[in-house]
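# An overview of the molecular structure
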Amino acid sequence: MKKDEKLFAVFGNPIEHSQSPNIHSLFAKQTNISILYHSQCVDFDRFFDCAKDFFLSGGAGLNVTVPFKTQAFEFSDEASQRAINAGAVNTLISKKGHIFGDNTDGVGLIVDLDKNLKWKLKDADILVIGAGGATRGIIEPLLCADPSSLTISNRTLSKGENLVSVFSAVAKNANCQLKALPMNNLDGNFDIIINATSASLEGRLPDLDPSIFDGSACYDLMYSSAPTRFLDWARKNGAAKYSDGLGMLVEQAAESFYLWHGVRPETEVVIQKIRANI
Ligand code: ATR
């Protein structure tokens, strides 16, 4: 390790397909910042020990991915408001040994939808499918983008209803109608549909009436070299446009990079390079 080189890593399980080391090394080259960034597969019951060891051995910052984001929140000595709202942390920063936790996933999604894809969020009717950790992290940023309505639809309805009650005050402040509906009771009038379920990880599709896709813009938080199974399904059922979550991945990384280094990297060229490599 060179004298001015700081140590960073991403922890997850599984981790072998993580693009984070590539993304951060492209950002570092672009901004002339010297970093060491590696990925580490952490045993399911060893997150606290491994994170502690990482910072004790001089680590400056850590990205955290599935399934450790809730544990990373608990590990933080202090957390940002957006991490508290999400109940999850994807970025840890050591400030002289004091560990600060933040969550850049929500801002990553909004920047990708708004700046990269130019999908109009203001006054839009948005549907989010799923009510797990990924959904929890994006509800508040979506509400702050001023949509007309935000509907959460989940296989287990009570989890969607719980998120509605957690975010009801934010929705009221944002003057946005926030509701939970069962998957078999969606009327189909959505401008933007976001798949935040983990169904694709098992190669499955959520049990939805595909007519809801007609004319909508569909986003999958997951990404892959070809359109994800969900996006392919949406496209075949009339989605007007669609995107996977690669842009969100790069944008959340850019926000982490900014938190660590105080410099905001260019993302467009990095999205193109990573796209060409997956
Ligand atoms: P993550 O952190 O990725 O959000 P999670 O918290 O385990 O993971 O949540 C997974 C989400 O995907 C949940 O909303 C889950 O629905 P349930 O709450 O009913 O379990 C949803 N999900 C997973 N597999 C699914 C499937 N085959 N069809 C529909 N929804 C599915």
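Residues numbered from 1 in each chain as written. Predicted model: local features only at pLDDT ≥ 70, side-chain atom pairs only at ≥ 80, totals over all residues. Heavy atoms only, no water.

## Description of helix H6 (residues 133-144)
The complete set of buried residues in H6 reads Thr135, Gly137, Ile138, Ile139, Leu142 and Leu143. Backbone geometry just after H6 places Asp146 at a positive phi near 70°. (Buried < 20%, exposed > 50% of the residue type's maximum accessible area, 1.4 Å probe, protein only. Helix = DSSP H or I, 4+ residues; strand = E, 2+ residues; numbered from the N terminus.)

## Thoughts on the site of the ligand
If you check the shell around the ligand, you find 15 residues, and the closest are Ala134, Asn154, Arg155, Thr156 and Lys159. At 2.9 Å, a backbone N or O of Ala131 approaches an oxygen atom of the ligand. Gly132 places a main-chain nitrogen or oxygen 3.5 Å from an oxygen atom of the ligand. Burial of the ligand by the protein chains amounts to 76% of its free accessible area of 650 Å². The residue makeup of the shell around the ligand, split by class, is four nonpolar, seven polar and four charged. (Near = heavy atom within 4 Å. Polar contact = N/O pair within 3.5 Å; in protein donor to acceptor, adjacent residues only side chain to side chain. Areas by Shrake-Rupley, 256 points an atom, 1.4 Å probe, with all protein chains shown as cover. Nonpolar A, V, L, I, M, F, W, Y, C, P; charged D, E, K, R; others polar.)

## Some words on the pairing of strand S2 (residues 35-41)
Two faces make up the sheet, and in a regular strand the side chains alternate between them. Bridge count for strand S1 (residues 6-12) against S2 is seven bridges, and the pairing is parallel. Each bridged residue has a counterpart across the sheet, and for Phe11 the counterpart in S2 is Gln40. With helix H1 (residues 20-31) bridging S1 and the parallel S2, this β-α-β connection has right-handed handedness. (Pairing = 2+ DSSP bridges. Right-handed = clockwise from strand over helix to strand, strands pointing away.)

## Some thoughts on helix H9 (residues 229-236)
An α-helical turn contains 3.6 residues, so a residue and the one three or four places further along point in the same direction. Along H9, the residues that are buried comprise Phe230, Leu231, Trp233 and Ala234. Taken around the axis of H9, the buried residues stretch over an arc of 160°, which confines them to a single face. Packing partners of the buried residues in H9 comprise strand S7 (125-129), strand S10 (192-195), strand S11 (217-220) and strand S12 (241-243). (Arc of directions from axis to C-beta. Contact = heavy atoms within 4.5 Å.)

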